[in-house]
Amino acid sequence: MPIRRPRAPKPALRHVAFLETMASAPERSPLHDGAYAALLTLRLLDHWLTLGSELADPNVSAHRAAREAVNAIQGDAEMRAALSSILNAICSLQEPDAQPVLPRVYALGGLIERRGLLSEAGDIYATVARYVDSTVHLDLAFDAHMRRGFCLRTNGEFEWSEQAYASAASLAVRDKDRVRVITARQGQAKVEWARGNLPAADKAMEALATEAEQLDAKRVLAMVLHDRSGVARDRGDLPRAIRLGYDAFRRTADEFERERVLADLANYLSVYGATDSATDALRALEITARSADLRWTSQVNLLSLAVRTGNEMMFKHYRRRLSEAALPVRIQIEFMIELGSGCMQFGQLADARTALTDGLKAAEDAGANQKIFVFEEMLRSLESAERAERRANANRPEPVAAPDDIAAALRDLLLEVSGAAA
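Now for a description of the structure that goes with this document.

The rules behind the values
Residues numbered from 1 in each chain as written. Predicted model: local features only at pLDDT ≥ 70, side-chain atom pairs only at ≥ 80, totals over all residues. Heavy atoms only, no water. Salt bridge = Lys/Arg side-chain N within 4 Å of Asp/Glu carboxyl O. Helix = DSSP H or I, 4+ residues; strand = E, 2+ residues; numbered from the N terminus. Buried < 20%, exposed > 50% of the residue type's maximum accessible area, 1.4 Å probe, protein only. Phe/Tyr/Trp six-rings, centres within 6.5 Å; stacked < 30°, edge-to-face > 60°. Lys NZ or Arg CZ within 6 Å of the ring centre and 35° of its normal. Expected span 1.5 Å × (residues − 1). Arc of directions from axis to C-beta.

### Regarding the pattern of salt bridges
Taken as a whole, this structure holds 23 salt bridges when the rule is applied. Linking R240 and D202 is a salt bridge whose minimum nitrogen-to-oxygen distance equals 3.2 Å. Of the two residues, R240 sits in helix α12 (residues 238-251) while D202 sits in helix α10 (residues 198-214), which places them 38 residues apart along the sequence. Residue D202 is classed as buried on the basis of its relative accessible area of 7%. A salt bridge links K371 to E334; the nearest nitrogen and oxygen atoms lie 2.7 Å apart. Of this pair, K371 sits in helix α19 (residues 369-395) while E334 sits in helix α17 (residues 329-345), and the two are 37 residues apart along the sequence.

### Digging into the packing of aromatic side chains
All chains considered together, the criterion is met by two aromatic pairs. Centroid distance Y106 to Y125: 5.3 Å. Interplanar angle 50 degrees. Geometry classified as tilted. A residue pair is termed long-range when its members are at least 10 positions apart, and Y106 in helix α5 (residues 98-114) and Y125 in helix α6 (residues 118-131) qualify at 19 residues. For Y125, a relative accessible area of 1% translates into the label buried. Just above the ring of Y131 sits the side chain of R130; from NZ or CZ to the centre is 5.6 Å. The ring of F256 carries R290 above its face, with NZ or CZ at 5.5 Å from the centroid.

### Quick look at α10
Between its terminal C-alpha atoms α10 stretches 24 Å, which fits the 24 Å expected from 17 residues at 1.5 Å a residue. If you check which residues of α10 are buried, you get L198, A201, D202, M205, L208, A209 and A212. Taken end-on, α10 shows its buried residues confined to a sector of 130 degrees, consistent with a single buried face. Turned more than 90 degrees from where α10 packs its buried face, K203 and Q214 sit exposed. Downstream of α10 by a residue or two, D216 has a phi angle that is positive, lying close to 60 degrees.

See below:
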């Protein structure tokens, strides 16, 4: 006779992303310690909501371990403050109630997302989406699903991303908020874009743009036009990408969004070959951009344009400016790629090798595998250029002096014509 087992949810190991970060980061590093403290804090939250107020007692081992891990974080005051606020809220509430704590958890997700740790951020947004009461806190529920969808899409987890966007769309439909419905369905269209189904993405975005225009939803319409310009770029239709990008730029009111759109428009113009207009756009961004990252990115793109147009003076200018800046790792890697390329083009092969070698190490340290391949390929090209230079040097005749009388006569001739010209 078969044994009947009670039906119950299968146990799931949550917050695996933090374990993966801990496994890849050096022990006692801020990244490792932050991931460990976040893991213990989120597990405490889970257990508090499941098991009850006992877990709110700071003397309970699970609570004490989480607090000690948070206090042990060195060199990352933002992470320590964000996690402490969650623990303090649990202590203050005592009785399990997720709703007052979840805005703090969502803020933690935003902090981690801004640092590029999208697997961890997606896990945190999933925690918010799991516990939030969407009938009371619709904004938080919608935003948690949307941010989770973004993180999953960016990490290539397309099916889960599509589900997150669908959940956000369902919430918006229930609330009869057509603007939010468009925003969520735009996320689903971007999943198709990420999958490479460009015709389907373009068709879906065209319909969403039409609906946004009918609703006079200016911000959403600008957002959709911006994304449509990116799809057109990937389909190889640069004139259409430029037109859509410019339309999005004209319609965008938010300054930060305008800067992002202008940066993409500059990229389309650069690839199209309209280098003067691309330079104008990038220089405007360099002057007006509110974030240092975008200013530096604009300067890296101007350096790249200098290489492509053979403008050595412009190349030297931006090389000097970027070399003096404290660039984030991601932008530093891009700078090293363009610097190496420019030094090769302008015959500075020793400098090119230094830039590419340093850039390769930075990419390896950051785990940027795609950029590692770029540096390795460029180093192979550099070796060919160095071999060609060695052959040219070997075949170049040694310099010799002309006979004294001829050398003197030609020196006198130069002095004579120089004086006449003056």
